[in-house]
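Residue-level structure breakdown
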Amino acid sequence: MLGWRLVMSAILVPAIIGLFWLDQRLGTPAPILLAVCAFVAIRNAFELADLLAVRSIRPHFSLIAILSLLVVLAAWGHVWFPSDATNSSVNLLVSLGWIAAALTLSIVALLAFEAWRYQKPGNAMESLGGNLLSVFYAGGLIAVTAQMRWFPDPRLGYFAFASMIICVKSGDTFAYTFGRLWGKRKLAPILSPGKTRMGLVGAIVGSTVGGWTWLTFGPLLFQAKMTPGAVWNVVAYSVVIGLVGLVGDLCESLIKRDVEKKDSAILMPGFGGLLDLLDSPLFAGPFALAWWTFLPPVV
């Protein structure tokens, strides 16, 4: 299983970087990224609807998928309806405003839906909470993460995007490797019995190595005129994003543990469902966006 995870990671990460490179050449509208985000949102909505179909929760996949897709489309609102602002931070706020509007509409729609199908006390609020969580998780997180394509600088978008993915996936791979080889003491035995303290060390080592390598040599692939910033900033960014990715993994474990399921779905051996594959990047994406906006690790 360890070998399979290493092989799949070695295939998936370059494939994603290749898609980024192609989409960068297609310009600001980022059509490939939009298609990928739309697919991820709908697939994640499906997996969440399946996961949460327990106890008194009544998830509604069609509505979750439509609203998650709406949130993703809203993330491109600033592309289709550009503002007059020239400041990158202002434009980012405008774009986040589109996403917030879509999420607000989703809350209203889900409330109305539960009112429409209400029959008796006991499950309306549980179902509303499950559906809201699904839209925010499936649509909201990837919509915010997608903003790295344009902000703080569209010329660095996919370079920054790739740095986040490499940090979390390098951390994830090293955490799994360290845990399998040397892990004995559990990190969170109730929430995620497979996580070990040596796995935490591996996550820090892997994200640091992956992040530093990418931020140092990655610009050569993009033919970009940029150099790594201060060493402390590069290392801090890599470590923090790797650790946040690990927290994202634990948070998805919370969902699965509470509904008493091992994987979100069976998508590929060694990884489970798409949620299991993307839990770390989805959680780390908003943090990486904030870091690149306020303290870019390259100059």
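Quick caveat, the model's predicted, so the values are computed rather than measured.

Cut-offs used in this document
Residues numbered from 1 in each chain as written. Predicted model: local features only at pLDDT ≥ 70, side-chain atom pairs only at ≥ 80, totals over all residues. Heavy atoms only, no water. Axes fitted to C-alpha atoms, helices over the stretch in contact; angles between N-to-C directions. Helix = DSSP H or I, 4+ residues; strand = E, 2+ residues; numbered from the N terminus. Parallel < 35°, antiparallel > 145°, perpendicular 65-115°, else oblique. Left-handed = near helix turned anticlockwise from the far one by under 90°. Contact = heavy atoms within 4.5 Å. Nonpolar A, V, L, I, M, F, W, Y, C, P; charged D, E, K, R; others polar. Phe/Tyr/Trp six-rings, centres within 6.5 Å; stacked < 30°, edge-to-face > 60°. Buried < 20%, exposed > 50% of the residue type's maximum accessible area, 1.4 Å probe, protein only.

1. Details of the packing of helix α3 (residues 61–74) against helix α5 (residues 88–116)
- At a minimum axis distance of 8 Å, the contact between α3 and α5 shows a crossing angle of 165°. Taken together, the axis directions place α3 and α5 in an arrangement best described as roughly antiparallel. Where α3 crosses over α5, the handedness of that crossing is right-handed. Between α3 and α5, the contacting residues are Leu 63, Leu 67, Leu 70, Val 71 and Ala 74 on the first element and Trp 98, Ile 99, Ala 102, Leu 103, Leu 105, Ser 106, Ala 109, Leu 110 and Phe 113 on the second.
- Tallied by class, the residues present in the contact of α3 with α5 amount to 13 nonpolar, one polar and no charged.

2. Things to note about the packing of aromatic side chains
- Applying the stated rule across the entire model yields 13 aromatic pairs.
- For the ring pair Trp 76 and Trp 150, a centre distance of 5.1 Å and an interplane angle of 90° mean the geometry is edge-to-face. A residue pair is termed long-range when its members are at least 10 positions apart, and Trp 76 in the loop between α3 and α4 (77–80) and Trp 150 in the loop between α6 (124–145) and α7 (157–182) qualify at 74 residues. This pair shows no difference in class: Trp 76 is buried, exactly as Trp 150 is.
- Relative to Trp 98, the ring of Phe 81 lies with its centre 5.5 Å away and its plane at 15°, an arrangement referred to as stacked. In this pair, Phe 81 sits in the loop between α4 and α5 while Trp 98 sits in helix α5, placing the two residues 17 residues apart along the sequence.
- Assessed through its relative accessible area of 33%, Trp 98 is described here as partly exposed.
- Taken together through their ring pairs, the aromatic side chains of Phe 159, Trp 214, Tyr 237, Trp 291 and Trp 292 make up a single cluster.

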